[in-house]
Amino acid sequence: MLAAVASQGDLVIKNCITKHLECITAKIIEMGAHAEETNGDTIHVWCDQRTNKTNIKTSPYPGFPTDLQPQMGVVLSLSDGTSIINESIWESRFQYTDELNKMGAKITAQGKSAVFEGVDELYGAPVYATDLRAGAALIIAGISANGVTEIYNLEHIDRGYENIEEKFKNIGANIERISVDD
């Protein structure tokens, strides 16, 4: 869902428990994108404009999930205005912000909070996945960026997402896994 918003795309997600996603869809709508439940187990998410700022505080279900905080950070990096994420669950969850800053984001992270000054666009750059969720966020940033993004430390991503590049290709992303021989 957040990949569709960050890239100003259009995505239909089927066979999901839409009630479990309400805190995410509410933020997507608050930011000016669209999320519409259809058929009880399907969500249609699309975005045709730059999103607006918002503030996030992670919390246990039914609150905003800490596992989606880095991916939302990508969206906030591209949103209009200043947004804040307060991380109430995990220490060191903002390591990905240094990597997004390499791509042109304007993020100041300190302790359990980060301030996101929205930029017009991100730019491709070599970046490093510091953990599983950061890796997912960097993929979203890469497909949303202007230019080529190279992501290293793929083992973090691979331990949580099987064939992730194929899944992104299936929804129209220009993504390719390249093996680098030592």
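Caption draft 1: How the structure looks around the sheet that holds strand E5 (residues 82-86). If you walk across this open sheet you meet the 4 strands as E4-E5-E7-E6, and the pairing is mixed. Because the sheet does not close on itself, it has two edges, and the strands there are strand E4 (55-57) and strand E6 (106-110). The mean angle between the axes of side-by-side strands here comes to 10°, regardless of whether they run parallel or antiparallel. Strand direction decides the pairing type here: E6 and strand E7 (residues 113-117), joined by 5 bridges, are antiparallel. Following the sheet pairing, Gln110 is matched in E7 by Ser113.

Caption draft 2: Summary view of the layout of surface pockets. Taken as a whole, the largest pocket encloses approximately 700 Å³ of empty space. As for the largest pocket, its lining consists of 22 residues, and the residues nearest its centre are Thr149, Glu150, Ile151, Ile175 and Glu176. Among the elements of the structure, helix H5 (132-144), strand E9 (150-152), helix H6 (154-158) and helix H7 (164-170) are those that each provide at least two residues to the lining of the largest pocket. Per element, the largest residue contribution to the lining of the largest pocket is 4 residues, and it comes from H5.

Caption draft 3: Quick look at the packing of helix H3 (residues 69-77) against H5. Between H3 and H5, the least distance of the axes is 7 Å, while the angle of their chain directions is 25°. What the angle tells us is that H3 and H5 run roughly parallel. The two elements H3 and H5 meet at a crossing, and its hand is right-handed. Seen from H3, the contacting residues are Pro70, Gln71 and Val74; seen from H5, they are Arg133, Ala134, Ala136, Ala137, Ile140 and Ala141. Residues that form the contact of H3 with H5 fall into these classes: 7 nonpolar, 1 polar and 1 charged.

The rules we used
Residues numbered from 1 in each chain as written. Predicted model: local features only at pLDDT ≥ 70, side-chain atom pairs only at ≥ 80, totals over all residues. Heavy atoms only, no water. Pairing = 2+ DSSP bridges. Helix = DSSP H or I, 4+ residues; strand = E, 2+ residues; numbered from the N terminus. Axes fitted to C-alpha atoms, helices over the stretch in contact; angles between N-to-C directions. 1 Å grid on protein atoms, 1.4 Å probe; cavity = no way out; pocket = protein on both sides within 12 Å on 5 of 7 lines; lining within 4 Å. Points joined across faces, edges and corners; volume = space filled by probe spheres on them. Parallel < 35°, antiparallel > 145°, perpendicular 65-115°, else oblique. Left-handed = near helix turned anticlockwise from the far one by under 90°. Contact = heavy atoms within 4.5 Å. Nonpolar A, V, L, I, M, F, W, Y, C, P; charged D, E, K, R; others polar.

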